[in-house]
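Secondary and tertiary structure notes
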Protein chains: 2
Amino acid sequence: MTPEEFRRYGRQVVDWIADYQEKIESYPVLSRARPGEVLASLPAHPPERGEGFEAVLADLDRVVMPGITHWQHPGFFAYFPANASGPAILGDLLSAGLGVQGMLWATSPACTELETRTIDWLAELLDLPARFRGDGAGGGVIQDSASGAALVAILAALHRADGGTAGREGITRRHTLYISSQTHSSLEKAAKVAGIGSANVRVVDSGPGTLAMAPAHLDALLAEDAAAGAVPVLVCATVGTTSTTAVDPVPEIGEVCARHGVWLHVDAAYAGVAAVCPELRWVNDGLDGHVDSYSTNPHKWLLTNFDCNALWVADRAPLVGALSILPEYLRNQATSSGEVIDYRDWQISLGRRFRALKLWSVIRWYGAEGLREHVRTGVRLARDLASWVAADPGFELLEHPPFGLVCFRPRWDGLPDGEADAATMRLMERLNASGDLYLTHTKAGGRVLLRMAIGAPATGDAHVAAAWRRIREEAAEQAAERADPGR
Amino acid sequence: MTPEEFRRYGRQVVDWIADYQEKIESYPVLSRARPGEVLASLPAHPPERGEGFEAVLADLDRVVMPGITHWQHPGFFAYFPANASGPAILGDLLSAGLGVQGMLWATSPACTELETRTIDWLAELLDLPARFRGDGAGGGVIQDSASGAALVAILAALHRADGGTAGREGITRRHTLYISSQTHSSLEKAAKVAGIGSANVRVVDSGPGTLAMAPAHLDALLAEDAAAGAVPVLVCATVGTTSTTAVDPVPEIGEVCARHGVWLHVDAAYAGVAAVCPELRWVNDGLDGHVDSYSTNPHKWLLTNFDCNALWVADRAPLVGALSILPEYLRNQATSSGEVIDYRDWQISLGRRFRALKLWSVIRWYGAEGLREHVRTGVRLARDLASWVAADPGFELLEHPPFGLVCFRPRWDGLPDGEADAATMRLMERLNASGDLYLTHTKAGGRVLLRMAIGAPATGDAHVAAAWRRIREEAAEQAAERADPGR
């Protein structure tokens, strides 16, 4: 494709995206495609001769779009948001256009140094403790996801715990990790990946009301395991759990970890970015204590398109120690000088994209002010919804939501718990099938709840109000059908 | 950023990239930035108020570009190419604009099904055996890189070897991997990550001339380790090594692996895509035998921008067995039905971008014909260069290069080996500092060689001829300086 063709088709694609943004509400949020439908609409064999890009765009509309669930739709309330803002998309486009690969400092110094600066900016915006910034022993790095960040933290912790023995000899004795029942599943997956084993992931009690990890039980488990000869590697505390945005008591957990000399990783994948707002900066409580690594996702709620996770470590030595390998073909003067960072030593894979460009674009376009405004809007909309739910005698609300996630369900008066769960699931499926909104569910306190996560840039007051109206209507309809199955 | 603003700035960015493509030869290939220079040019603090996107583009030119090493420059011959073609960039832009996340089939069915179809197309273009296609027990998936693919293959192999015991209990006995001295360093890194340990990576002899893995030695090592009670997990054969594009004898290695019941992973990161050309389809030799997983990178030589690795497995059950975890908040009807693929179970992280769009765009724009033409051009240019090197009495060539990589060095008549190595390194540094071209080096047969990897879409006959002229001139100049240090 010549530069002139790129110019022409590039404009078409930009217009296609702008048009998509303008008409996104005309699509059903959740795709109605049935399994295999998109696949069957695509030719079984690749083309022998090249086609014009118009053909790609035409098939995008015809074949791909019916199979898209619209994460940027204002009625997308499922999972957590995955904000793809304009400046982020353009930053990503610049990265693709430059086509550089930042595995080493030498392979594009700006790719490394813009990342160092931008991640320090983010640390400042979130008011993280100074030791996480790049000018001391610590530093930050962009990872693909909170899953990747957790795995990397575990490997660094393992390296610190045994001086690199496991990396050299393999895991030869029992190593243990500590989570709660509310911790993200990626920690259990990382335990499998790292050869620690899911059976060695110890589940610390969490309070039945708060769903927050109990430091005393953690303390007891750590003592018990160490006494039994295991090597406790890492404790993962969560600020803003996936299920209900519960918050673990990081200060107290940090004290326990300090006492036992265990690495504390704080997973604030969703909620960490809320610290851009001074009034929400309590999410950082405990980070100035004994915390070894901290992770949050600008690609969820901070207007940066997937993937862009930020991981900080208080000490980069064990991280690099765990992940560095230097074959002959990667040797170069800059690396040998020790004056530069090679981010390949901070991640699993060798190659890396220039992801800092999109985070840089986002921070510059919105400024601290704009980022705060975005988070505040999400929190305000969630509080509005929570107040409507709390005021409705037909619904019950799970506690006061601190961020953008509201968990609730109809009371389904008179139904036993199991049937109420099934009715709630049925309600969710009806709502999702309507195309007006997309919710997910979770279980808390043994009961099924609807999860409504607010935070897409396109979502405003009217969308949340409309969604609440639809939920009430559909719940009332469903209750009426149950009361009179024949109608 | 409103859709109208996105339209305006999007065009500016598209034009910026087209301009960059047009003027790329005016930049020095290798950045001349010194460590810390880009960092020092960036404000220490993030902006409080948002700025226009013009400011971002201005700083891109002023601060970032001097720190860029230009991977798309026609004089970029370092590492392997990382082709960022127009249709790939636009496919990636569409992915960013849609902003969907394909962790589950349900979170955007088209994201999964377009990937299934496109990766099957690629399998057909490469003429891979039918068992790697998605309609049987196997299937393909896009990974971030060959590093990620190798790690995933190891985890699947581990799962098959012990029925999931290591995933549950952790690694409790000695597990071994088999590579050669020419295997990519990501295998050793994966061994550290997976808890197997770098000391349990067994290095099989490779022939001194061919640098190809010796099946008989592999056989002996496997027998020895099994007899000593270790669990051999995986053998990695390489088609087109990073150092010199050496090719391991996959058919013979496959027979050894079959005899020992060990997983064979074939890493064809760079060279695998050459199979789009029937005359290069010998790179697939042995894939119809006992091969369990196969990986190649469209993001190197097949016109698709980083990241886009293709991994195929002959049996997806151990892969999913090793990597599947299903927390409540990810449960959904489609997953429960068993009718769909959830690619999160085929990779380390949970979240995933819609990378199939760029591979789909590339295959449709170029067609099989265009892809073949691109690979053939690289091979032809490399053969031209090799013939010039071979014909020059002042240079020596490492064997006949089968793909786009040519390894060679001046003879440095009269210099002992150590000094010749230093002189070759010095020559490389002088050439790289000139800004005209960018080469890397490797060691083969104990001697330092220049690596010149041809395959950027912008590289044509004139660029290779000019590079060869510069290399000869610079080598002659350096030899003259040595002969007369005072001049």
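Residues numbered from 1 in each chain as written. Chains lettered and ligands numbered in written order. Predicted model: local features only at pLDDT ≥ 70, side-chain atom pairs only at ≥ 80, totals over all residues. Heavy atoms only, no water.

This part is about the sheet that holds strand S5 (residues 263-267) of chain A. Residue and element names in this part refer to chain A. Spatially, 7 strands are ordered S1-S7-S6-S5-S4-S2-S3 in an open sheet, and the strand pairing comes out mixed. Edge strands, defined here as strands with exactly one partner in the open sheet, are strand S1 (139-143) and strand S3 (201-204). If you compare each strand with its neighbour and ignore which way they point, the axes differ by 20° on average. Sheet analysis places strand S6 (residues 293-296) next to strand S7 (residues 309-313), joined by 4 bridges and oriented antiparallel. If you follow tyrosine 294 over to S7, its bridge partner there is tryptophan 312. Packed onto the sheet, helix H8 (residues 185-193) meets strand S2 (175-180), S3 and strand S4 (231-238) and runs at close to 170° relative to S2. The sheet contacts of helix H10 (residues 250-260) involve S4 and S5, and relative to S5 the element is tilted by about 160°. (Pairing = 2+ DSSP bridges. Helix = DSSP H or I, 4+ residues; strand = E, 2+ residues; numbered from the N terminus. Axes fitted to C-alpha atoms, helices over the stretch in contact; angles between N-to-C directions. Contact = heavy atoms within 4.5 Å.)

Our next topic: the pairing of strand S10 (residues 440-444) of chain B. The buried fraction of S10(B) amounts to 4 of the 5 residues, a majority that puts the element mostly inside the structure. Between the antiparallel neighbours S10(B) and strand S11 (residues 447-453) of chain B lie 2 residues, among them B:Gly445 with a positive phi of about 60°. (Buried < 20%, exposed > 50% of the residue type's maximum accessible area, 1.4 Å probe, protein only.)

What follows concerns the domain arrangement of chain A. Residue and element names in this part refer to chain A. Assigned domains within chain A: domain 1 (1-30 + 69-85 + 367-487) and domain 2 (100-354). In this assembly, 28 residues from domain 1 lie in contact with 28 residues from domain 2. Roughly 2300 Å² of surface becomes buried between domain 1 and domain 2 when both sides are summed, with 69% attributable to carbon and sulfur atoms. There are 1 salt bridge connecting domain 1 and domain 2. A salt bridge links arginine 376 to glutamate 279, with the shortest nitrogen-to-oxygen separation between them at 2.6 Å. When contributions to the side of domain 1 that touches domain 2 are tallied by element, the ones reaching two or more residues are helix H14 (356-391), strand S9 (405-410) and strand S10 (440-444). Broken down by element, the residue count for the side of domain 1 that touches domain 2 peaks at 8 residues, all from H14. Each residue belonging to the side of domain 1 that touches domain 2 can be placed in one class, and the counts come to 16 nonpolar, 7 polar and 5 charged. (Domains from an automatic or database assignment. Buried area = accessible area lost by both parts, 1.4 Å probe. Salt bridge = Lys/Arg side-chain N within 4 Å of Asp/Glu carboxyl O. Nonpolar A, V, L, I, M, F, W, Y, C, P; charged D, E, K, R; others polar.)

This part covers the pairing of strand S5 (residues 263-267) of chain B. Residues and elements named next belong to chain B. Within S5, 5 of the 5 residues are buried, which leaves it mostly tucked inside the rest of the structure. Burial along S5 is two-sided: Trp263, His265 and Asp267 facing one way and Leu264 and Val266 facing the other are all buried. Strand direction decides the pairing type here: strand S4 (residues 231-238) and S5, joined by 5 bridges, are parallel. Considered in S5, the bridge of alanine 237 is made with valine 266. The parallel pair S4 and S5, bridged by helix H10 (residues 250-260), forms a crossover whose chirality is right-handed. In this sheet, strand S6 (residues 293-296) lies alongside S5 in parallel orientation, the contact comprising 3 bridges. When the sheet's bridge partners are listed, valine 266 is paired in S6 with tyrosine 294. (Right-handed = clockwise from strand over helix to strand, strands pointing away.)

What follows deals with the nonpolar core. Generally speaking, nonpolar side chains in soluble globular proteins are found buried as a group. A:Phe53, A:Trp312, A:Phe354, B:Trp312 and B:Phe354 are the most contacted members of the largest nonpolar core, which totals 227 residues. Ignoring any residue separated from it by four or fewer positions in sequence, one finds A:Phe53 in contact with A:Met1, A:Tyr9, A:Val13, B:Pro87, B:Leu90, B:Gly91, B:Leu94, B:Ser361 and B:Trp365. Of all hydrophobic cores here, the second largest spans 68 residues; its members include A:Ile154, A:Trp346, B:Ala157 and B:Leu177. (Core = buried A, V, L, I, M, F, W, Y, C linked by side-chain atoms within 4.5 Å.)

Next up on the list: the environment of A:Arg8. All names here are of chain A. One can find arginine 8 in helix H1 (residues 3-23). For arginine 8, a relative accessible area of 45% corresponds to the partly exposed category. As a C-alpha pair, arginine 8 and alanine 199 span 191 residues in sequence and 56 Å in three-dimensional space.

This paragraph deals with helix H16 (residues 461-483) of chain B. Residue and element names in this part refer to chain B. Here H16 spans 33 Å end to end across 23 residues, near enough to the 33 Å set by a 1.5 Å rise per residue. Burial in H16 covers these residues: Val464, Ala467, Trp468, Arg470, Ile471, Glu474, Ala475 and Gln478. In this structure, the buried side of H16 is in contact with helix H14 (356-391), strand S8 (395-397), strand S9 (405-410), helix H15 (417-434) and S11. (Expected span 1.5 Å × (residues − 1).)

Attention now moves to the UniProt feature "modified residue: N6-(pyridoxal phosphate)lysine" (unreviewed entry) in chain A. All names here are of chain A. In the numbering used here, UniProt assigns the "modified residue: N6-(pyridoxal phosphate)lysine" (unreviewed entry) feature to Lys300. On the secondary structure map, lysine 300 appears in helix H11 (residues 298-301). Once residues lying within four places of it in the same chain are set aside, the contact partners of lysine 300 are Phe80, Pro81, Ala82, Asn83, Ala269 and Tyr270. (UniProt positions renumbered as here; feature names shortened; annotations may be inferred.)

Residue and element names in this part refer to chain B. Taken in spatial order, the 7 strands make up an open sheet running S1-S7-S6-S5-S4-S2-S3, and their pairing is mixed. Looking at the sheet topology across the chains shown, the edges are occupied by strand S1 (139-143) and strand S3 (201-204). In this sheet, adjacent strand axes meet at a mean angle of 20° when their direction is disregarded. Together, S1, strand S2 (175-180), S4, S5, S6 and strand S7 (309-313) form the strand contacts of helix H6 (residues 146-162), whose direction differs from that of S5 by roughly 170°.

The partner chain A presents 153 residues to the 153 residues of chain B that form the contact. Overall, the association of chain B and chain A removes approximately 13400 Å² of surface from exposure, summing both partners, and the carbon and sulfur fraction of that is 63%. Summed over the three residues of chain B that lose the most area to chain A, namely B:Tyr329, B:Arg364 and B:Trp365, the buried surface amounts to 7% of that side. Counting the contacts that link chain B with chain A gives 18 salt bridges. Its salt-bridge partner being B:Asp59, residue A:Arg364 comes within 2.5 Å of it at the nearest N-O pair. Joining chain B to chain A, the criterion identifies 74 residue pairs in polar contact (both at pLDDT 80 or more). (Polar contact = N/O pair within 3.5 Å; in protein donor to acceptor, adjacent residues only side chain to side chain.)

Take the packing of helix H3 (residues 53-64) of chain A against helix H4 (residues 86-98) of chain B next. Running from N to C, H3(A) and H4(B) point in directions that differ by 20°, and their axes come no closer than 12 Å. One element, H3(A), and the other, H4(B), form an angle in the roughly parallel class. Here H3(A) runs over H4(B); the crossing is right-handed. For the pair H3(A) and H4(B), the contacting residues are A:Phe53, A:Leu57 and A:Leu60 in the first and B:Pro87, B:Leu90, B:Gly91 and B:Leu94 in the second. Its residues assigned to classes, the contact of H3(A) with H4(B) comprises 6 nonpolar, 1 polar and no charged. (Parallel < 35°, antiparallel > 145°, perpendicular 65-115°, else oblique. Left-handed = near helix turned anticlockwise from the far one by under 90°.)

We now examine the pattern of salt bridges. All names here are of chain B. Taken as a whole and assessed by the stated rule, the structure comprises 70 salt bridges over all chains. In this structure, glutamate 115 engages arginine 352 in a salt bridge whose closest nitrogen and oxygen atoms are separated by 2.9 Å. Placement of glutamate 115 in helix H5 (residues 109-125) and of arginine 352 in the loop between helix H13 (333-337) and H14 is noted, with a sequence separation of 237 residues between them. Considered together, glutamate 115 and arginine 352 belong to a single accessibility category, that of buried residues. Put simply, aspartate 461 and arginine 380 hold a salt bridge, and the shortest N to O gap is 2.9 Å. Highlighted residues: aspartate 461 in helix H16 and arginine 380 in helix H14, separated in sequence by 81 residues.

Turning next to the packing of aromatic side chains. What describes a pair of aromatic rings is the distance from one ring centre to the other and the angle between the planes of the rings. Counted under the stated rule, the structure contains 34 aromatic pairs over all chains. On the basis of an interplanar angle of 80° and a centroid distance of 6.1 Å, the ring pair of A:Tyr79 and A:Tyr438 is categorised as edge-to-face. Of the two residues, A:Tyr79 is situated in the loop between H3 and helix H4 (86-98) and A:Tyr438 in the loop between helix H15 (417-434) and S10; the sequence distance between them amounts to 359 residues. Note on accessibility: A:Tyr79 and A:Tyr438 belong to one class, buried. Between B:Phe76 and B:Tyr438, the ring centres sit 5.5 Å apart and the planes meet at 80°, which makes this aromatic pair edge-to-face. Here B:Phe76 is found in the loop between helix H3 (53-64) and H4, whereas its partner B:Tyr438 is found in the loop between H15 and S10, with 362 residues between them in sequence. Of the two residues examined, B:Phe76 and B:Tyr438, each falls in the buried class. Ring-pair connections join several aromatic residues into one group, and the members of that group are A:Phe80, A:Tyr270, A:Trp282, A:Trp301 and A:Phe403. Geometry around A:Phe132 places A:Arg131 over its ring, the cationic atom sitting 4.8 Å from the centre. In this structure, B:Arg8 is placed above the aromatic ring of B:Tyr9, and the distance from its NZ or CZ to the ring centre is 4.9 Å. (Phe/Tyr/Trp six-rings, centres within 6.5 Å; stacked < 30°, edge-to-face > 60°. Lys NZ or Arg CZ within 6 Å of the ring centre and 35° of its normal.)

A word on the relation of the copies chain B and chain A. Note on the copies: chain B fits chain A at an RMSD of 0.0 Å, the axial shift is 0.0 Å, and the rotation between them is 180°. One copy is carried onto the other by what is essentially a two-fold rotation axis. Both copies share a contact surface, since 100% of the interface residues of chain B are interface residues in chain A too. (Least-squares fit on C-alpha atoms with pLDDT ≥ 70 in both.)

Residue and element names in this part refer to chain B. You can see asparagine 309 is positioned in strand S7. A distance of 3.5 Å separates the side chain of asparagine 309 from the backbone oxygen of threonine 296, its partner in a polar contact. Setting aside its immediate chain neighbours within four residues, asparagine 309 contacts Val141, Ile142, Gln143, Asp144, Ser145, Ala146, Ala149, Ser295, Thr296, Asn297, Pro298 and His299.

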